Amino acid sequence: MQAAASAPGADPAHGRPATSKISFQGLVLGFAVALLLFLVGYPLLWLILGALGVPQSLGFEHLQRAFARPQNYAALINTLQLALGTGVMSVLIGVPLAWATSRTNMPLRYLVHALVALSYIMPPYLTALAYIFLLGPEAGHFNRLLQGLFGFESGPLNIFTMPGVIFVIGIHVFAFTYFLTYSALKSVDASLEESAQVLGAKRWQTTLRINLPLVAPAITGGALLSAIDSLALFGPQAIIGTPAQIVFLPTRIYATIGSYPPRWAEASALSLVLVLLTVAGLALQRGYLERRSYITVSGKGVRTQLLDLGPARWLLLAFCMTVVFFSAIAPVGTLTINAFSKSWTDPLSFSNLTLEHFRSALFEDQVAVRGIINSFKLATSAAAIAVLIGAAVAYLDLRTNVRGRRLLDYLAILPLGLPGTVMAVGILLAFIRLPIPIYGTIWILLAAYVARFIPLATRSANATFRQIDPSLEEAGRITGASWFHAIRRILMPLSRPGLLVAFLLVFIPAFGELSATILLYTGGTETIAIAIYRLNDLGQLEVVSALAVFTIVVVLTLAALVNWLSGSSWSSSETPAVRG
Amino acid sequence: MAFIDIAGIDKRFGNFKALSGIELAIEEREFVTFLGPSGCGKTTMLRTLAGFLTPDKGSIHVGGRLLSSAQAVVPPEHRRMGMVFQNYAVWPHMSVFENVAFGLRLLKVDRTEVSERVSRVLDAVGLSGLEKRHPGQLSGGQQQRVALARSLVVEPSILLLDEPLSNLDAKLRERMRTELKTLQRRTGITFIYVTHDQAEAMALSDRIVVFNQGTVQQVGTPRDVYERPANIFVADFMGLVNKVPGTLVERQGASARVRIGEQTIEACTSEGIDPRGAIVVAIRPEAIRLGDAAPVAGSNVLAGRLVESTFLGNIVDHQIDVGGSLMRVQGDRQQTFEPGANVNLIVPITECVAMQGDMSQ
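Note that the structure is predicted; figures quoted are calculated from it, not measured.

About the criteria used
Residues numbered from 1 in each chain as written. Chains lettered and ligands numbered in written order. Predicted model: local features only at pLDDT ≥ 70, side-chain atom pairs only at ≥ 80, totals over all residues. Helix = DSSP H or I, 4+ residues; strand = E, 2+ residues; numbered from the N terminus. Buried ≥ 20, exposed ≤ 12 C-beta atoms within 10 Å, placed from the backbone. Contact = placed C-beta atoms within 7 Å. Rg over C-alpha atoms; globule rule 2.2 N^0.38 Å. Axes fitted to C-alpha atoms, helices over the stretch in contact; angles between N-to-C directions. Parallel < 35°, antiparallel > 145°, perpendicular 65-115°, else oblique. Left-handed = near helix turned anticlockwise from the far one by under 90°. Domains from an automatic or database assignment. Nonpolar A, V, L, I, M, F, W, Y, C, P; charged D, E, K, R; others polar.

Focus on the overall build of chain B
Move 1: Assigned secondary structure in chain B consists of eight helices and 20 strands.
Move 2: Seen along its three principal axes, the alpha-carbon backbone of chain B occupies a region of about 75 × 50 × 35 Å.
Move 3: In chain B, which comprises 361 residues, the share counted as buried stands at 43%.
Move 4: In chain B, of all internal contacts separated by at least 6 residues, the share reaching a separation of at least 24 is 65%.

Written as structure tokens, this is what we have:
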């Protein structure tokens, strides 16, 4: 490890020279930083340059010209409507659910909580797919049920509408509002409510006048996060919106790049607008969450008081179960039934059962098989690289005083706010010009996944290292261990569970990634999401369902593993601190 | 050159000057304590000595070998020092045995010798039989002993201790204090000990280095630092002290005459006292005797009026008005006075230390 040359003043009796400042440590960390700059910084730079018309020109005319096109303008308006709609919807269903599971004696609270988690973990394009089966205007299960019950001539509900898109995305993103409100309500100490009751407030008055105002910032913050997330969900926007001829910014960007010749400047101009919307939303959300300071968070455990609802608790349960039925049970259920049915339009019966679709999805269909293999390969490598970079960034931030480490940390968190479509445009613009032949290969997907999900690894590694006191490594150094040895024998064993969580947190979304992949894949580099998307276009709906069920099983298993490794429920992600 | 030679060390963190112009010489086998309030630079100095921090200026030599300078720093693992941390820093994923054996294995000591030396050092710190335990199963005191054993087993020439007792309860702290001192005498290892507790510093040290605001205020034996504080900060930090304002009347070498209100007393003085500046005479409350006896040779007598007495069990705490300024006296509990009584304060000249009064601290 002591690679440094002999320094003047070194005592030959000890035989060990003073080290210079360039070391093995510097090389390892430097490599990770270079990778981060190349994968995140460089594409982002190109995104901005591209929107300003570089390399042809430099100015704002591309931005102006982009919005002179009526399609682009419509896409912007539709996107704003979508964000507003899902934001409102997330409050209407997320807040009552959070209140019910956190502060009342409603039965089955844990089941409701787990099903909300399931609707969040499920890739949103699969929810969208399921709703084609459920609410398709002709053959959708619900429509046929309503026809049977009330004698409608045609299906009364149509998913291929703007409310349909808002609904499908809303039942996915409301989880943000739910979880933020849930943990805020959980952290309101009973003494705050009791003080109100002592002064004569009834229980419902306490709820309305003490609890709700206390958690209002969390609700607003959650609604904003839901709205921001809905902007970026290419999958449902394309699967439901495109057949209905409703265009959103991500699907519009996809169309401009897919046109011949690709209109790069227009795509980057649209991307920039999408980024600005996201950034504005996140800034607003951060402002709201900062006002959360008046929720007293003390080191002591918080005592909560559960409201006894009496018979009304069954009514509340009915409401909660309805919500999770539509957000989780029905979509997962319908995909499962389809996957095992010979024909999805036929009623469920024993003679209609088959494993045929799984055979073709997992072994026969070339695109599907290739997709599964590629997704496993890509998710594994992307997660490994992201954890490496994330750990290096977290290490620099927490264990050194290298100048610029804050900026690096910020750069590693930045992609969190970037829609996958935008990240893909940046990567395309940046790598198409490189002499390295990465465009059109699987490597460009790897680059995109690492860039997109690096924030998840960085945050997780940061939380892990934060819980390991630096003196543990210092004790190793002064006892004679080199930097590398102290990392390997002390920091790594202690942070292994945390870094495994970081790995899985990247693997899970990377495995089912669609919005960036759709812009970057070519024949041969299809992933599982692309296989689902393309087979859906080809109308092979049963095989699509089998692939979807496979994806859900993989994702759920890994999510359960994360949950078990973190040793806690979804609401509290604190792991016990490792102290010396 | 001394065994440890610290010369002109400066260290900044951003705009904060953590250390400036530190000069220290420490001999082999000495027990030296860095004492001061939090943020005074004592821990920064210790960590610079350990090689965790690079000084901005100056140099550190140990045994004639240059270890630290602004240009290059020998990394901690090549300094042959041991360190005991405030939070013990015992590795939670290793057993007691593995914790202690860690350093020996790095030195490529063979297996039988490792287990021999580990059990010998565990015996020395009173942990025999706990080899297989994991740190989670040990009390705070036991963990601290593991940390100590882990540093001692590699036979370092210098042991650095960063507030090692501050997380222990009062009783255990006192016992560990005695054990540490015995251990240091027995092993002959040079101990450098950081604490903010002046009582701990006095009980343990051969010499105390008082730090404040990144500079060394005074270096001396516990008795020196307590009885002859170099300035008001040191006088205050080492214990309860009366700071009586006065003016310098005349000065001859180390002795001076100081006017306090209407009265004049004799005092000893530190070097470099400025006759034009305000003067303060530092007098420890327990150095004063109350009585109406005739003046004794070598003592000052000050006339005062008793304001209030508080019975504290082992002593009685008196507040006495001397020429307009209030002085505290710790008196014998048999000796009682009524409030308003006129009393004489008898103070040996050697207990009156005149010093510069206009220091900010």
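What to know about the overall build of chain A
Move 1: Assigned secondary structure in chain A consists of 23 helices and zero strands.
Move 2: Rg of the C-alpha trace for chain A: 26 Å, near the compact-globule value of 25 Å for 580 residues, within the 12% margin.
Move 3: Taken along the three principal axes of its C-alpha coordinates, chain A extends 100 × 70 × 55 Å.
Move 4: Long-range pairs, those at least 24 residues apart, make up 77% of the contacts in chain A between residues at least 6 apart in sequence.

Observations regarding the packing of helix 22 (residues 528–537) of chain A against helix 23 (residues 541–566) of chain A
To characterise two packed helices, one gives the angle between the axes of the helices and the distance between these axes.
All names here are of chain A.
Move 1: Their axes nearest at 9 Å, the elements helix 22 and helix 23 cross at an angle of 160°. Considered as vectors, helix 22 and helix 23 are oriented roughly antiparallel to each other. Here helix 22 and helix 23 pass one another in a crossing that is left-handed. Residues Ile528, Ala531, Ile532, Leu535 and Asn536 of helix 22 lie in contact with helix 23, whose contacting residues are Leu541, Val543, Val544, Leu547, Ala548 and Thr551.

Notes on the domain arrangement of chain A
Residue and element names in this part refer to chain A.
Move 1: Domain boundaries assigned for chain A yield domain 1 (1–7 + 22–48 + 356–580) and domain 2 (79–333).
Move 2: Between the C-alpha centres of domain 1 and domain 2 the distance comes to 27 Å.
Move 3: If you list the elements that add at least two residues to the side of domain 1 that touches domain 2, you get helix 1 (24–51), helix 17 (420–431), helix 21 (517–520), helix 22 and helix 23.
Move 4: Considering every element that reaches the side of domain 1 that touches domain 2, the biggest residue donor is helix 23, with seven residues.
Move 5: A per-class count over the side of domain 1 that touches domain 2 returns 18 nonpolar, eight polar and no charged.

A look at the environment of Leu428 of chain A
Residue and element names in this part refer to chain A.
Move 1: Take Leu428: it is sitting in helix 17.
Move 2: Taking the C-beta count within 10 Å as the criterion, Leu428 has 25 such neighbours and is therefore assigned buried.
Move 3: As a C-alpha pair, Leu428 and Ile438 span 10 residues in sequence and 10.0 Å in three-dimensional space.
Move 4: For Leu428, the residues in contact, after removing those within four places along its chain, are Leu519 and Leu520.

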